[in-house]
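# Structure assessment
Given next are the chains, with one letter for each unit.
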Amino acid sequence: MPKGVLVDLTRCIGCRGCQVACKSWNERPVVKTVLAGSFENPPALSEACYTRIRFHETEAGGAPVWNFVKEQCLHCKEPACASACLVGALRKTPDGPVMYDFDKCIGCRYCMVACPFEIPKYEWSKAHSPWVQKCTFCYERQADGLSPACVKTCPTDALLWGDSEELLAEAKKRLATGKYVQHIYGEKEAGGTSWIYISNRPFEEIGFNTKVPQYALPPYTWASLSKIPVEIVVFSAVLGGLAFIRNRGDKGGE
Ligand code: SF4
Ligand code: SF4
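Residues numbered from 1 in each chain as written. Chains lettered and ligands numbered in written order. Predicted model: local features only at pLDDT ≥ 70, side-chain atom pairs only at ≥ 80, totals over all residues. Heavy atoms only, no water.

Attention now moves to the overall build of the protein. A tally of helices and strands in the protein yields 8 helices and 9 strands. Residue burial in the protein is summarised as follows: out of 254 residues, 49% are buried. When contacts within the protein are restricted to residue pairs at least 6 apart in sequence, those whose partners lie at least 24 apart make up 60%. (Helix = DSSP H or I, 4+ residues; strand = E, 2+ residues; numbered from the N terminus. Buried < 20%, exposed > 50% of the residue type's maximum accessible area, 1.4 Å probe, protein only. Contact = heavy atoms within 4.5 Å.)

Now the structure itself:
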């Protein structure tokens, strides 16, 4: 059965242990960052940062409410990024993770345009062999029966890893307590995602894109991409060709 994660935003205390665990497990490079006007740091996902915690302060009944929101790839059930990829470098696995094959990628970056959650990032800092980077859902840990590094680290059980269907049932059970807004983010967004969220604040108030279509996007991916100016498409194709030649060179005649 495919795995997923239920993120209960009422349980997150913003410790960012998940951020550190992710960086460590995935050996992401250390880069100098800045606070983004709050305790949010780094200010955005990047090639060096697969997951981060957003800080939101809203008001309810005249009192401030803080929410800490974990961001990463949602591992869509029908990923638009994979449907946009010309060479099959991205693919949804039956176990849940949307995996990326560095060897196949030609660097066209269509996946970045197609993702409705703006997740994949490009290694702009690398002059040689730049790739697309995003959360892997720790597929190698899962293959060994282990939970993702972020889930393992979370001290408050804000992240619950398990079978997707069971997580959806658990989310519905928690919503029935009346402590949450009546919306499971990811149940329907983009046709459903493996990571789902429940919250005590309306999702639109805490930085979620609530305009994401409530249906699977792959059938529409190429209709959207066809609106990209032809010059950009040609430029991407040239870059892709160069990347392909370069990747072959990197393998040194393997
Ligand atoms: S969130 Fe974006 S990058 Fe992740 S699987 Fe969905 S479309 Fe792909
Ligand atoms: S480890 Fe858990 S509590 Fe800490 S920031 Fe991440 S999700 Fe929130």
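It is worth spelling out the site of ligand 2 at this point. As a structural note, the neighbourhood of ligand 2 is formed by C12, I13, G14, C15, R16, G17, C18, I53, C154, P155, T156 and L159. When the residues that make up the shell around ligand 2 are grouped by side-chain class, the tally is 8 nonpolar, 3 polar and 1 charged. (Near = heavy atom within 4 Å. Nonpolar A, V, L, I, M, F, W, Y, C, P; charged D, E, K, R; others polar.)

In the region of ligand 1, 14 residues are neighbours, and C73, C76, C81, C115 and F117 sit closest. Within the shell around ligand 1, the residues separate by chemical class into 12 nonpolar, 1 polar and 1 charged.

Let's shift gears to helix α1 (residues 17–25). Looking at α1, one finds that the buried residues are G17, C18, Q19, A21 and C22. Residues of α1 that are buried in the fold lie against β2 (52–60), β3 (63–71), α5 (149–153) and β8 (159–163). In the segment just after α1, E27 is the residue with positive phi, at about 50°.

This part takes up the nonpolar core. Residues L9, F117, L159, Y185, W195, Y197 and F208 are the most contacted members of the largest nonpolar core, which totals 41 residues. Elements with a contribution of two residues or more to this core: β1 (3–8), α1, β2, β3, α2 (80–84), α3 (110–114), α5 and β9 (195–198). Apart from the residues within four sequence positions on either side, Y197 is in contact with V7, L9, V69, K70, E71, Q72, L74, H183, I184, Y185, F203 and F208. One finds A82, Y100, C111 and V132 within the second-largest nonpolar core, a separate group that totals 11 residues. (Core = buried A, V, L, I, M, F, W, Y, C linked by side-chain atoms within 4.5 Å.)

With 12 residues, helix α6 (residues 164–175) extends 17 Å between its outermost C-alpha atoms, agreeing within 8% with the 16 Å of an ideal straight helix rising 1.5 Å per residue. Looking at the buried residues of α6, the elements they touch are β1, β8 and β9. (Expected span 1.5 Å × (residues − 1).)

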